[in-house]
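Overview (structure and organization)
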Amino acid sequence: MFNQMVRDVMERENALTLTPETTVRMAAELMAKRKTGAVMVVDHERLIGIFTERDALFRVIASGLDARTTRLTEVMTVEPRTVGPNDSYGYALVMMQEGGFRHAPVIESGKPVGIVSSRSALDPELEEFVSEAKRREHIRIGH
């Protein structure tokens, strides 16, 4: 699975793109309806940010912001790390694991075409991958 191309595991149909002026509440409603944990924030067909369920929890709820009036532009992650559709899924997983996030927008010709999630990996394979990544990290730093 880790040698597969991102294009083979990315979400296209459930990939949600919203404008920066969309309210957090509207975004959350759409995320729940589509059963997705992240939305790509797009302005003039260009990715400018990502908003995730963790952003809703930590940046909105925990901060006491009103989801009905708070706009995505106020609480999104700006300039998120991205992958291309021809990158390997293993590369995407390493990038997400090292960066501490679970979703990466897929960009082709400067435009978002999908989103890839660490959850796309089957649980046993993902556990094996994380274990291997940690083993390699210990070897790399000489432990």
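Counting restarts for each chain: residues are numbered from 1 in the order of the written sequence. Local features in this predicted model are restricted to residues whose pLDDT is 70 or higher, and side-chain atom pairs enter the listing and the counts only when it is 80 or higher, whereas totals over whole chains, interfaces and linings include all residues. Excluding hydrogens and water, the side-chain figures rest on all heavy atoms present in the structure.

1. Comments concerning the nonpolar core
We define the nonpolar core as a collection of buried residues of types Ala, Val, Leu, Ile, Met, Phe, Trp, Tyr and Cys that are connected through side-chain atoms lying within 4.5 Å of one another. Partly exposed residues are those whose accessible area sits between 20% and 50% of the maximum for their type, while under 20% is buried and over 50% is exposed, using a 1.4 Å probe and protein chains only. Judged by nonpolar contacts, the single largest core of 13 residues is most densely connected at Leu18, Val24, Val39, Phe51 and Leu72. The secondary structure listing takes helices from DSSP runs of H or I that are at least 4 residues long and strands from runs of E that are at least 2 residues long, numbered from the N terminus. When residues of this core are traced back to their parent elements, those giving at least two are α2 (24–34), β2 (38–43), α3 (53–61) and α4 (72–75). In terms of residue count, the dominant contributor to this core is α2 (3 residues). Residue contacts for leucine 72: discarding those within four places in its chain leaves Leu18, Thr19, Pro20, Thr22, Thr23, Val24, Ala27, Val39, Val41 and Phe51. If you look at the next biggest cluster of nonpolar residues, it comprises 12 residues, including Met10, Met96, Val106 and Val116. Any two residues having at least one pair of non-hydrogen atoms within 4.5 Å are treated as being in contact.

2. Focus on a nonpolar patch on the surface
Like-charged residues within 9 Å of one another, or nonpolar side chains (Val, Leu, Ile, Met, Phe, Trp, Tyr) within 5 Å, are grouped into patches, provided each residue has over 30% relative accessible area and no salt bridge. Surface accessibility follows the Shrake-Rupley procedure with a 1.4 Å probe radius. Residue values consider only the protein chains on display as shielding. Note on definitions: salt bridges are taken to be side-chain nitrogens of Lys or Arg within 4 Å of carboxyl oxygens of Asp or Glu. Together, Leu57, Phe58 and Ile61 give the surface a local cluster of nonpolar side chains, amounting to about 320 Å² of exposed area. Within the secondary structure layout, leucine 57 lies in helix α3. Here leucine 57 falls in the partly exposed class, since its relative accessible area comes to 43%.

3. Side note on unusual backbone geometry
If you check the backbone angles, histidine 44 has positive phi at about 55° while not being a glycine. The topology assignment puts histidine 44 in the loop between β2 and β3 (46–52). Even without being a glycine, glutamate 79 presents a positive backbone phi close to 50°. Structurally, the position occupied by glutamate 79 is in the loop between β4 (77–78) and α5 (89–99).

4. Brief notes about the side chain of serine 117
Here serine 117 is to be found in strand β6 (residues 111–117). Discounting chain neighbours no more than four positions away, the residues touching serine 117 are Tyr89, Met96, Arg102 and His103.

5. A look at the confidence of the model for the chain
When pLDDT is averaged along the chain, the result is 88, and 84% of the positions lie at 70 or above. On a scale of 0 to 100, pLDDT captures the predictor's confidence in every residue. Highest mean pLDDT in the chain belongs to α4 (98); lowest belongs to helix α6 (residues 123–141) (63).

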